[in-house]
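Structure at a glance
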Amino acid sequence: MNTQIWHEHVITKAAALIGCTALVLSVTAQSAQAAPSADVARQTLSANDGWGSYGTGTTGGASADAAHVYTVTTWAGFKAALKDGGTAPKIIKVKGTIDANAEGCDSFAADGYDFAQYLADYDPAVWGYDTEVSGPQEDARAASAANQDTAIKANVPANTTIIGVGGNAGFKGASLQIKAVDNVIVRNLAFESPLDCFPQWDPTDTAVGNWNSEYDSAVVYGSTHVWLDHNTFTDGDHPDSSLPSYFGRIYEQHDGELDIVKGADYVTASWNVFTDHDKTILIGNSDSASTAAVDRGHLKVTFHHNLFSNLVERAPRVRFGQVDSYNNHFVADAGFAYSYGIGMESQLVAEHNAFTLPDGVKAGSILKKWKEAPVTAADNYVNGAPTDLIAVHNAEIPAETLQSGAGWTPTLRTKVDAPKAVPGIVDHRAGAGKVC
């Protein structure tokens, strides 16, 4: 065994997760949050619990032997544990908060990169808006970005469970890459969105240019049977409001919190908190013909009992996929744009959800039409009152008329809670630190 891994490797025979709220048996029975196990790290996704339970189901590393159970406290130890043993079932227990960018952005900077010079070279007063940037500073920026990319991304192998220990486990500045693998569980972790240290200025993006950034907290890319449960996704100490502006545009250093793309399939996201973010969840990342060839017939995802709070948009934005979203609570603030984005060939079913909107935010904005695609949206409540989301959208935004009827009926659901009860249930039970 690698010496570095050995120092991070702890073999345990019993669950000893301290400082979290116990899962009450009645709650587990009510919502089928996990198949029963004496050790929560070996819990699997219950039968019929969303698309992640389809077919072979999602078991992660539940069958790991003692040699492939790890406790990690550092980013290097975490990445080493991911690599150890290949695709053999493994359980990685994360203890405390692990910072993937502990040494700061300067540690990734390539020789010759100078941000002040970058701003001087590509100032629209000098460069204009007609062509994309190029030259020595853009080359140095790209090289710096490549260094960060290598450092903060962690590739998750098949048959893996990653679970936080106790109430304060998680990652800062990290991007989990669940890419082209099967059977992964991620639970009880707090993710602070990674900051892109080297956003690119694109003067051709809109009439006045834009800063474009990379890195999602988690990416499900061409993978199958993934369960994301009781996690918290947030911008943490670096909300967009704290970011500076250059060339009259916000220096955007965030991308998404969760992306599910490139033919990914059979994903269940349950009991998570998505909060304080702009472009939150993307399902299918392009309308292009090449993307359609990969995504069409895939991107089957279930969202249930998640809390979406103080977000701007994409909760989620959907292309192509058969997405079932039920028993979620959406809490908007004044910056709200929309919750559900109806995109290319999407088949969204949004039922039995609760929405809490402030004064000045209308219910018609909950749905956003990007492309012609029918949607099912029944038995939803807005500020405690039953609301036909399609009807209010069409009345308030007649230029974007939506059609009813997604064309399929979800069957992979556990007990469905009454939408009026959803805020009380979800607000107290969703998020990291609640699994033990």
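Residues numbered from 1 in each chain as written. Predicted model: local features only at pLDDT ≥ 70, side-chain atom pairs only at ≥ 80, totals over all residues. Heavy atoms only, no water.

As recorded in an unreviewed UniProt entry, the protein chain goes by Polysaccharide lyase family 1 protein and comes from Streptomyces sp. R21. UniProt lists a comment for the protein chain under the heading Sequence similarities (unreviewed entry), and it reads "Belongs to the polysaccharide lyase 1 family." (UniProt positions renumbered as here; feature names shortened; annotations may be inferred.)

Before going further, it helps to examine the state of the cysteines. For the coordinates displayed, the defined rule picks out one disulfide. With its sulfur 2.0 Å from that of its partner, cysteine 105 forms a disulfide with cysteine 197. Residues cysteine 105 and cysteine 197 share a disulfide whose torsion about the S-S bond is about -70 degrees; that sign makes it left-handed. With cysteine 105 in the loop between strand 2 (90-99) and helix 4 (115-122) and cysteine 197 in the loop between strand 7 (190-192) and strand 8 (200-202), this pair connects stretches of sequence that are 92 residues apart. On the accessibility criterion, cysteine 197 (8% relative accessible area) is buried. (Disulfide = S-S within 2.5 Å. Helix = DSSP H or I, 4+ residues; strand = E, 2+ residues; numbered from the N terminus. Buried < 20%, exposed > 50% of the residue type's maximum accessible area, 1.4 Å probe, protein only.)

What follows covers the side chain of aspartate 295. Along the chain, aspartate 295 turns up in helix 7 (residues 289-295). This buried residue, aspartate 295, is left without a salt bridge; lysine 262 holds the nearest opposite charge, at 6.5 Å. Residues within four places of aspartate 295 in sequence aside, it is in contact with Val261, Lys262, Gly263, Gly284, Asn285 and Phe320. (Lys, Arg positive; Asp, Glu negative; His and termini not counted. Salt bridge = Lys/Arg side-chain N within 4 Å of Asp/Glu carboxyl O. Contact = heavy atoms within 4.5 Å.)

Moving on: the environment of glycine 405. With respect to the helices and strands, glycine 405 occurs in the loop between helix 8 (389-396) and helix 9 (422-429). Sequence spacing of glycine 405 and alanine 377 is 28 residues, and the spatial spacing of their C-alpha atoms is 8.2 Å.

One finds Phe78 and Ile260 to be the most contacted residues of the largest nonpolar core, which totals 83 residues. If one sorts the elements of this core by residue count, helix 3 (residues 75-83) sits on top with four residues. Excluding residues that lie within four positions of it along the chain, isoleucine 260 makes contacts with Val220, Val267, Leu282, Ile283, Gly284, Leu299, Val301 and Phe303. In this structure, Trp271, Val273, Val426 and Ala430 belong to the second largest nonpolar core, which totals eight residues. (Core = buried A, V, L, I, M, F, W, Y, C linked by side-chain atoms within 4.5 Å.)

Residues Tyr118, Leu119 and Tyr122 constitute the buried set of helix 4. Here the buried residues of helix 4 occupy an arc of 95 degrees about the axis, which is enough to place them on one side. Measuring from the side-chain oxygen of the N-cap residue of helix 4 to the backbone nitrogen of alanine 116 gives 3.0 Å; that N-cap residue is aspartate 114. (Arc of directions from axis to C-beta. Polar contact = N/O pair within 3.5 Å; in protein donor to acceptor, adjacent residues only side chain to side chain.)

Packing of helix 4 against helix 6 (residues 136-152) leaves a shortest axis separation of 9 Å and a crossing angle of 135 degrees. If you check the angle between helix 4 and helix 6, you find them oblique. Once helix 4 is placed against helix 6, the crossing between them reads as left-handed. Counting all contacts with helix 4, which are made through Gln117, Tyr118, Asp121 and Tyr122, the residues of helix 6 involved are Pro136, Gln137, Glu138 and Arg141. Here the residues of the contact of helix 4 with helix 6 are counted per class, giving three nonpolar, two polar and three charged. (Axes fitted to C-alpha atoms, helices over the stretch in contact; angles between N-to-C directions. Parallel < 35°, antiparallel > 145°, perpendicular 65-115°, else oblique. Left-handed = near helix turned anticlockwise from the far one by under 90°. Nonpolar A, V, L, I, M, F, W, Y, C, P; charged D, E, K, R; others polar.)

This part covers the sheet that holds strand 3 (residues 153-155). Spatial strand order, 3-5-10-15-18-21-24-27: eight strands in an open sheet with parallel pairing. Both outer strands of the open sheet, strand 3 and strand 27 (367-369), are each paired with one neighbouring strand and no more. Bridge analysis of strand 24 (residues 340-342) against strand 27 gives three bridges, and the strand direction is parallel. In the strand pairing of strand 27, isoleucine 342 is matched with lysine 369. This element, helix 6, spans strand 3 and strand 5 (175-179) of the sheet and lies at about 45 degrees to strand 3. (Pairing = 2+ DSSP bridges.)

Right, let's get into the packing of aromatic side chains. Each aromatic ring pair is described using two quantities: the centre-to-centre distance and the angle formed by the ring planes. On inspection of all chains with the given rule, the structure shows 29 aromatic pairs. Between the aromatic rings of tryptophan 75 and phenylalanine 171, the centroid separation amounts to 5.9 Å while the plane-to-plane angle is 80 degrees, which identifies the pairing as edge-to-face. In this pair, tryptophan 75 is assigned in helix 3 and phenylalanine 171 in strand 4 (residues 160-172), connecting sequence segments 96 residues apart. Look at tryptophan 75 and you get buried, because its relative accessible area is 11%. Since its relative accessible area comes to 1%, phenylalanine 171 is described here as buried. On the numbers, 5.3 Å between centres and 80 degrees between planes, the contact of tyrosine 122 with tryptophan 127 is edge-to-face. Using a relative accessible area of 27% as the deciding quantity, one classes tryptophan 127 as partly exposed. Put simply, the rings of Tyr113, Phe115, Tyr118, Tyr122, Trp127, Phe198, Trp201, Trp211, Tyr246, Phe247 and Tyr251 pair up and form one aromatic cluster. (Phe/Tyr/Trp six-rings, centres within 6.5 Å; stacked < 30°, edge-to-face > 60°.)

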